[in-house]
Amino acid sequence: MAWIFLVVAGIFEMFWATMMKLSEGFSKWNYSLLTVIGMIASFYFLAKSLHSLPMSLAYPIWTGIGAVGSILIGVFFFKDHLSLLTSFFVALLIVGIIGIKVTSGH
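Every chain begins its residue count from 1, and numbering advances along the sequence as written. Thresholds applied to this predicted model are a pLDDT of at least 70 for local features of residues and 80 or more for the giving and counting of side-chain atom pairs; totals over whole chains, interfaces and linings are not thresholded and use all residues. Side-chain calculation: all heavy atoms of the structure are included, whereas hydrogens and water are not.

As recorded by an unreviewed UniProt entry, the chain carries the name Multidrug efflux SMR transporter and is attributed to Enterococcus dongliensis. UniProt positions are given in the numbering used here, feature names are shortened, and annotations may be inferred rather than shown by experiment. UniProt, in the comment section headed Sequence similarities (unreviewed entry), describes the chain in these words: "Belongs to the drug/metabolite transporter (DMT) superfamily. Small multidrug resistance (SMR) (TC 2.A.7.1) family." Under the Subcellular location (unreviewed entry) heading, UniProt states for the chain: "Cell membrane".

Undergrad: Any chance you could break down the packing of helix H3 (residues 55-77) against helix H4 (residues 84-104) for me, citing the residues and the numbers?
TA: The N-to-C vectors of H3 and H4 enclose an angle of 150 degrees; their axes lie 10 Å apart at closest approach. Classed by the angle they form, the pair H3 and H4 counts as roughly antiparallel. In the packing of H3 onto H4, the handedness of the crossing is left-handed. Together, Leu57, Pro60, Ile61, Gly64, Ile65, Val68 and Ile71 of H3 and Val90, Leu93, Ile94, Ile97, Ile100, Lys101 and Ser104 of H4 make up the contact between the two elements. A class-by-class count of the residues in the contact of H3 with H4 yields 11 nonpolar, two polar and one charged. With axes taken as lines fitted to C-alpha atoms, and helix axes fitted only over the stretch in contact, angles between N-to-C directions fall between 0 and 180 degrees. Secondary structure follows DSSP: runs of H or I at least 4 residues long count as helices, runs of E at least 2 residues long count as strands, and numbering of each begins at the N terminus. Every angle not falling under 35 degrees, over 145, or within 65 to 115 is termed oblique; those three ranges are roughly parallel, roughly antiparallel and roughly perpendicular. Left-handed describes a crossing in which the near helix is turned anticlockwise from the far one by less than a right angle; the clockwise case is right-handed. Contacts: residue pairs with any heavy atoms within 4.5 Å of one another. When residues are sorted by character, Ala, Val, Leu, Ile, Met, Phe, Trp, Tyr, Cys and Pro go into the nonpolar class, Asp, Glu, Lys and Arg into the charged class, and all the rest, Gly among them, into the polar class.

Undergrad: Residues and numbers for the environment of Leu46, please.
TA: For Leu46, the location among the structural elements is in helix H2 (residues 29-49). Exposure categories follow from relative accessible area, calculated using a 1.4 Å probe and restricted to protein chains: below 20% of the type maximum is buried, above 50% is exposed, and the middle band is partly exposed. Judged by relative accessible area, Leu46 falls into the buried class, the value being 7%. For Leu46 and Ser83, which are 37 residues apart along the polypeptide, the C-alpha to C-alpha distance reads 31 Å. Setting aside its immediate chain neighbours within four residues, Leu46 contacts Leu6, Ala9, Ala58 and Trp62.

Undergrad: Tell me about the packing of aromatic side chains, residues and numbers included.
TA: Two aromatic rings are characterised by how far apart their centres lie and by the angle between their planes. Any pair of Phe, Tyr and Trp rings, taking the six-membered ring for Trp, is counted once the centres come within 6.5 Å. Such a pair is stacked with planes under 30 degrees apart, edge-to-face with planes over 60 apart, and tilted for the rest. Going through the model one piece at a time under the given rule, you end up with seven aromatic pairs. Here the aromatic rings of Phe5 and Phe45 are separated by 6.0 Å at their centres, their planes lie at 35 degrees, and the arrangement is tilted. Pair noted here: Phe5 is in helix H1 (residues 2-22) and Phe45 is in helix H2, with a separation of 40 residues, a long-range link. Its relative accessible area of 18% is what places Phe5 among the buried residues. Look at Phe88 and Phe89: their rings are 5.3 Å apart centre to centre, the planes differ by 65 degrees, and that puts the pair in the edge-to-face class. In this structure an aromatic cluster arises from ring pairing among Phe5, Phe12, Phe15, Tyr44 and Phe45. Criterion for a charge above a ring: Lys NZ or Arg CZ within 6 Å of the ring centre, and within 35 degrees of the ring normal. Looking at Lys21, its charged tip hangs above the ring of Phe78, at a distance of 5.6 Å from the centre.

See below:
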């Protein structure tokens, strides 16, 4: 279950970052509220995963899921542009996340 909690925490990480973008500097209360709810949910599920997973494993994977997911949301929904070199480094992030999981023994 710890891995499921960690993935859910990462999904909520992407959610709150997206809601914060949509809140336009916290000027839209509905998106601002969703930002806070997403943050609480993200931290809650991260904390649940830390019952079984070491912090040195869970935290970088959580932030990695949030980072890569937010990049993809930016590209596909907000039409952000990534250079070829930036795309390469995003791919390295993905490889790093997978590598941490595969070599962790958990």
